[in-house]
Every structure is written in C-alpha cells, then in structure tokens.
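# Observations on the three-dimensional arrangement
What follows is the residue order along each chain.
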Amino acid sequence: MTRLRDQRAITALLVLGAQSAVPALAQQPGPPPGPNVLLLEEVVVNARRREELLQDVPISITVFNQQQLDNENVVNASDLATYTTSLSVNQRFGGENTSFAIRGFTQELRTTASVGTYFAEVVAPRGANAQTSGDGAGPGSFFDLENVQVLKGPQGTLFGRNTTGGAVLITPKRPTDELEGYLEGSAGNYDMYRSQGVINIPAGDRVRLRFGIDQQKRDGFLDNTTDVGPSDFADVDYVAGRASMVIDITDTLSNYTVGTYTDSKTSGQPSTLIDCNTSGGGLLSSFYVPDCQAQLARQRANGQTDFYDMANNVPFAGLKIEQWQVINHTDWEITDDIVLRNIMSYANLETKNAADLFGLDFPQPDGSQRVFAMSGVRPGLTTTNQDSLVEELQIQGSSFDDALTWQGGLYYENSEPKGNSGAQNATQIFCDVGTLNTDNPQDMRCDAQFALSSVSNSIEGVEYDNRAIYSQATYDINDRLSVTGGLRYTWDKTKGTQQGVNYKFDSDGVLEPPEAVPAAPLVKMKQQSDKPTWVTDISYKPTVDVLLYAKYARGYRQGGVNPAGQHPAPGTDDSVRIDIHGPERVDTYEIGAKTSFDGYEGRLPGTFNIAAFYNDFRDQQLQNGIFTTQGAGSTAIVNAGKSRIWGVELEGTVSPTDRLQFSVAYTYLNTEVLELDDVSALIASTGALASALSTSEGEELPYSPKHQAVASARYLAPVPAEYGDVTLGATYVYYSDQLAVSESASPNYYELDSYKLVNFNLNWDGIGGSAFDASLFVTNTFNEKYQVYLAGLWSVTGFESAMTGQPRMYGAGLRYNFR
C-alpha cells in the first residue's frame, strides 16, 4: 500500500496525546472487566498539507482535541490563546474580534494578519481594516472539531496566505459511515446556557452527512455604571450552524463540502478607565484630567469601585458579527501514488461595531458628553461587509518507493467589499451622543471643545488580490535521514478607497460651514508586491523514538493600504505616501527535538519536545498614532522597524501510572526592537500635531510575554467499569509581565502585570453504563484579576484605560450520545 493510502488509513488516530498542552484521555482497548486506563495516543496532523504523525513533523506544534477545548471552556480565539504557549492575542476590539500573535509577531491595527487561521484548510475570511475583524476564529468555531493545531513560525510555503508568525489550523469532524450524534446542554454563572447538537447520517454506501448547531448566551462580566446603553458588557450571544457532506463519486474520486453560519450579537467589550495623570505635561491633559478625576470620584462615591465596573456613554453600543462560508474539496486519486486536489471557498463577513473605546463618562453641565474617541457605525452602513473567494489547485504524490513525497499547487484569493462600509466617529468634542446615530450633520447636537473638535464620517473599502505558485518535497535519504525543501512565489495587490468628511462645529453648536458640508473627495490608494518565500530542513532519527531537526525559513507579510488614515495630496509619490505601507519579512532559524519514551519497563511512558529559534525581523510594520490638524485621531502604518526574536519552547507529557498523566508546556521569548527608521518627515507631511510609534528602540515587542507556562494533570478515578469513567483534571496557566505599549507613550502604564489562572474539571462518561455523560468545569478558580490590553494614552490625554480579563467562570453540562 502506498504512503498516500497509509496516511488516509491513520485518520482514525486523530485523537490527542503526545505533544499537547493537555494530553487526551483514551480508554484501554480490550475486553471487560479490566479497569480503564489513560493512554498516550499517537496524534495525526496535517501541518505539511498531508497526514503525518505529530512526532515525525519537524515543526513546533501544539494540538488540542475537542475534549480539551471543552474542559477549558474555550469558545473564542482569546480563550484558545490563554492555554497555548507562544500564542497571544490583541483584544483591542473585544474577545470576538481578536488577532493572533505567535512568537511576538503581532498584527497592528490596519495591517493584514501575521498569523493565518484556517478552517478545513481554507484561510479565514478577511474583514475591513478600519477595525480589527475577520482573519481569525470567531464565535461558534470551537465545537465538533477533530482538533486545533497551532503551528509556530512562518508557514508561508504550503499555506495560502503569507504570514510571519505562523498558522492556526481548525479541523472540523468529517461525516463518517456511522449513524451517531449527541445532544448537550450546559449552564453556568453569569446566566450562561449553551446547547449543542450533532447528528451524523450515512445516506447509502457513498454519501455521508453531518449536521451540527451550537448556541450560547451569557451575561457580560463588566457592569455598566451609567444608565446609557446596555447594562453589561463582555457578554456572549451567538448561534452557529454547520453542515457537511462527503460523496464518494467513484472509488478514486471524492467530494467533501462543508458550510458554516454564525450570528453573534453582543454589547462588545470596551476598555475601562483606570487612572488620571495629574502631573500634567500631556498634549491634551488640561482638557481631560479634570473630567477623568470627576468620573473616578463619582464612581467611588456611588460604590462603583469593583474591578469589573466600567462606564459607557454610547446609547447604541454593540457588536454584531454575521458570517457564512461554503468550502468544497475534490480529491481525485489519479494513481496509487498521485492525488489531484481542488479546494474552493466562498464566504461573506459582516460586522457592525459601535463603542466608546476607552470607557469614558465625562458629562457636562448642559447634559452633553465630552467625547474623546467614539467609534460608531455610520447609519445604513456596516463596519465590515466583505466577500472572500479562495481557489487552490494542488497535486500530491510519492515516488521512488515512497522515498520522495512531493506536492505543488496554484493559489488564488480575492476579497472585496460587498457594497459600502463606513464609520462615524466623534473626536474631542462636546456632544449629545444619542444624536450621532444619524447621517445628517444638521441633526447632530455638538459643540466644539477647541479647534480640533469634529465628527468624521467616511465610506471606505479595501480589495485584496493574492496569487501564488508553490512546491515542496521531502526526500528520505535512508530510514533515519530526510531533507525537505519548499519554494513559494506570491503576488499581492491591495486597493483601497475612502470618501469622508469632518463635520466641524463652533462653540455654539453651529455646523461649519453653516450652509452645507462640502462634497468629500474620493481618495484611491494601491499597494502591490511580489516576493519569494522558502523553507529547508533536515531531519535525523537516531532511534525510532527520537527526531532531531534543523530548519531555515523565509517569512513574508504583504503590505497594504490604510483608507481610514491620513491621505496625502493628489499626485504624491507612493514612496512618501502615509496611507500605504510595504511588506515585512523574517528569516527564521530553528533547531528542535521530538522524543517519545516508554520509561522503565513501560511504566513511565511520555514525550518530550524542545525547539529553539532565532528570528531576524526586518521592515517591520508599526502603528503610529497621530493627532491631526483636521480634528481627528488617526492611525498610520509605517515600515520602520528591525527586531530580533529568539526563544525556546518545551512541551512534555508523562504517565506515572496508568491512571495519572501530567503535561507541561513552557515558552521563553526574548524580543527586542533593534532599530527604528526616522519617519518624522513622513508624519509631519500629514500636518500632525503629535504622533507616537507603538514601540521604541531597545524595547520588547508588544504582547510578547517573556515567560508562558501551562501545566496540567489528569486522573482517572478507580471507579468500577460498569459505573463509567470518572476523570478529574486541573490546569495551571502563567503569563509573565508583558509590554503593551511603548514606555515613552505611557510611562506609568506600559506593561501588563503577570497573572496566574487555575482551572478544574470533572468528566463522568458513560454514567452507570448509559449513553449519558456529565461534566463540571471552573476556570480562573481563584478569580485572578488581570488586564489584557492597555490603551497607551497616559502622556497624551492624561488618562489611561485597560481591558479586563475574564473572572471566574463555572458550569455543568449533560450530554446524551446516540448511535
């Protein structure tokens, strides 16, 4: 049997064991009445676009199965990052609109993703770039999964979108030939309830169907101390559905289709005001510090000093996400050694987001609010409404008695706006905020604070066009030594449009100019680049249970445009345009070892894996905050950085007994910005009054904790087999201090404090020999209070805001399995 068929035959091993943040639990096969035990199972991954055993792949990977995700109550991308070392997220726009970062490669606002997220081998739909959206794992992504694989380091040879940080692969369960399924309900604190249902239906010998639905609702853990807008924030309210079908058209031709739909409506998660800078010196401190002090004093007087209390001044605050996607795989086994694959996807992502970004409540004597920065949906428009098409043609094969495995392909991706999207943002102005939910400026009730005051109104859109050709091959020189080489060439093009106007008001609330707002000009921008990326590695197995490897990879992230930023005068040369930015690149060097062992007389089996890496990071895309003479805060992206990133990753699992398992994962990450280009002239061309880069020379990269650790234990209780399997688990998570913003921008609040989380779970499977399973879980058991985002405004506005991490969550569930 060929290697290709062997790979398909081991799909049944897609259960988690070695090299995982928390090992899977498996039952000892064999006849009763012998007791059940915990086993380390072999894990199958598709990190190189073909099925391989995890311990045979020269890539640092963390894998979770569905049981582990459920144990840790993982329902969104930020939850996943909590339990994955080297993986972090930026939560500026809330837990449902996060962007992943791996090994310090973060995604700045208005840049493309530094980490690719793939569902069923297709990259996540893009969103608009005015706010972070798309490009990730949204609500409803984490149910009925085979596994989630986190690939660390550049993966731009085989995967569709070039990224510098890595990839997150979400693999849904495919239809099987068994009539089976489950119904599950769970409930918990904050009035949480969740219901799931999955059914798998074989429809004859050649057709298999699978349907699933996941619904969850939970109150927010942030209490709104004002009477404006929702009563709580950071809530959960989504419905997600999935339908898939496999058709064996012939013995050599098969088709797999999966469709998904998600609808999420929440209050969003703004930041919380935490302190006021009374020392003065900030550009706008004299305007905002008195109101900042008044808000905190008012909250103290009202007893609203809980860590989870926050303020809101936007009556129409809320976040809506709606996404649908259809993915189709067609596999044709041309010969026993060659398979032709076609992967196609079409998706739409629509979001609406309105919020006071920094949790301010600055009421004025006339009943208006002093608004610093309010992000709002323009009436009649969406924040994001983007269609994405992906087409990939791939051929895989093996030659020379399976000594050579190879693959190559063509890739095309197009993402473009579906109609108009836009925003209406109030900046540094006195307003009756409720009157801003209109597209007629004459209906707005606003007064100027000073010359910078405005309400900006814009329509904007971005189109992405990405094309690539790639090839990669692995040659087994002998049973122990193999080499791999891969090359990809990518052509990227990004086009953007923006049409906007700043409505200016005088101190009497009169719109300037009084007679009308002049027609806004249409601004067009375009950025394109083409670059090669590659990977080469050598693997050596001194024994069957040890893999040693060394690799070198080039990573690349495309440039882009910034429709929501500042724009130069018409005719400005692209080399000095502030509304476009070029690509960045990284050279990655990595050595590692993956080991499996049986212990003494087979009594202490386990795995131990280690990887050490060094990244040379150039032309880094950095965010530059700008306060403009047109009265608005703005964001520019500039290629200004050179950094180095090195670190070590460890993961290990061991079973001291057949009922007890321990695992640990640890990452040491050392990052430093080595050099920043002088972009002052470029920024000055915008007429900016002030600006600040998101980092400074000699600093660490943001959201890159030096130490991350996840440790877990699982114990299978000695319960008679006829009563079912009772498993107890515990997980410990540690994050060290991490830079959030440049110290120069916020010298008192530039770093997120370290934090520790402890989780427990209990699972009782097959209760009394029945088809019922029960579960209990508690996360953040000791209610650790921690923050996950800082705004970095201390030295400019005189106040600082932060985003709050989840408090203790607990719940219980009951599942009925049928087959």
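Source: prediction; values computed, not measured.

Calculation rules
Residues numbered from 1 in each chain as written. Predicted model: local features only at pLDDT ≥ 70, side-chain atom pairs only at ≥ 80, totals over all residues. Heavy atoms only, no water. Disulfide = S-S within 2.5 Å. Helix = DSSP H or I, 4+ residues; strand = E, 2+ residues; numbered from the N terminus. Buried < 20%, exposed > 50% of the residue type's maximum accessible area, 1.4 Å probe, protein only. Phe/Tyr/Trp six-rings, centres within 6.5 Å; stacked < 30°, edge-to-face > 60°. Lys NZ or Arg CZ within 6 Å of the ring centre and 35° of its normal. Pairing = 2+ DSSP bridges.

In this section: the state of the cysteines. Following the criterion strictly, the structure yields two disulfides and no others. Residue C276 pairs covalently with C292 via a disulfide, S to S 1.9 Å. Because the sign of the S-S torsion sets the handedness, a value of about -90 degrees for the bond joining C276 and C292 places this disulfide among the left-handed ones. Within this pair, whereas C276 is found in strand β17 (residues 272-276), its partner C292 is found in helix α4 (residues 285-301), the two being separated by 16 residues in sequence. Each member of the pair, C276 as well as C292, is classed as buried. Each bonded cysteine of the protein chain gets a number by its place in the sequence, and the pairs then read 1-2, 3-4.

Tallied over the entire structure, the rule returns 20 aromatic pairs. Ring geometry for F358 against F372: centres 5.7 Å apart, planes inclined by 50 degrees, an arrangement best described as tilted. Residue F358 is found in the loop between β20 (338-356) and β21 (369-375), and its partner F372 is found in strand β21; the two are separated by 14 residues along the sequence. Accessibility classification places F358 together with F372 in one group, the buried group. Considering the side-chain rings of Y755 and Y786, the 4.2 Å spacing of their centres and the 20 degrees angle between planes classify their relative orientation as stacked. Taken together, the positions of Y755 in strand β42 (residues 755-765) and Y786 in the loop between β43 (772-779) and β44 (787-790) put the pair 31 residues apart, joining distant regions of the chain. In this structure Y755 comes out as buried when scored by relative accessible area, which is 6%. The exposure class of Y786 is buried, given its relative accessible area of 9%. By way of ring pairs, the aromatic residues Y288, F358, F362, F372 and F799 are connected into one cluster. The ring of F613 is capped by R103, whose NZ or CZ atom sits 3.9 Å from the centre of that ring. Just above the ring of Y464 sits the side chain of R126; from NZ or CZ to the centre is 4.3 Å.

Here the focus is the sheet that holds strand β9 (residues 166-172). Consider a sheet: its strands pair through backbone hydrogen bonds, and that pairing is either parallel or antiparallel. The mixed open sheet is built from five strands, whose spatial order is β3-β8-β9-β6-β7. Taken across any chain shown, the strands that pair with only one partner, and hence form the sheet edges, are β3 (61-64) and β7 (122-123). Where strand β6 (residues 115-119) meets β9, five bridges bridge the pair, whose relative direction is parallel. In the sheet register, F119 faces β9, and the bridge partner there is I170.

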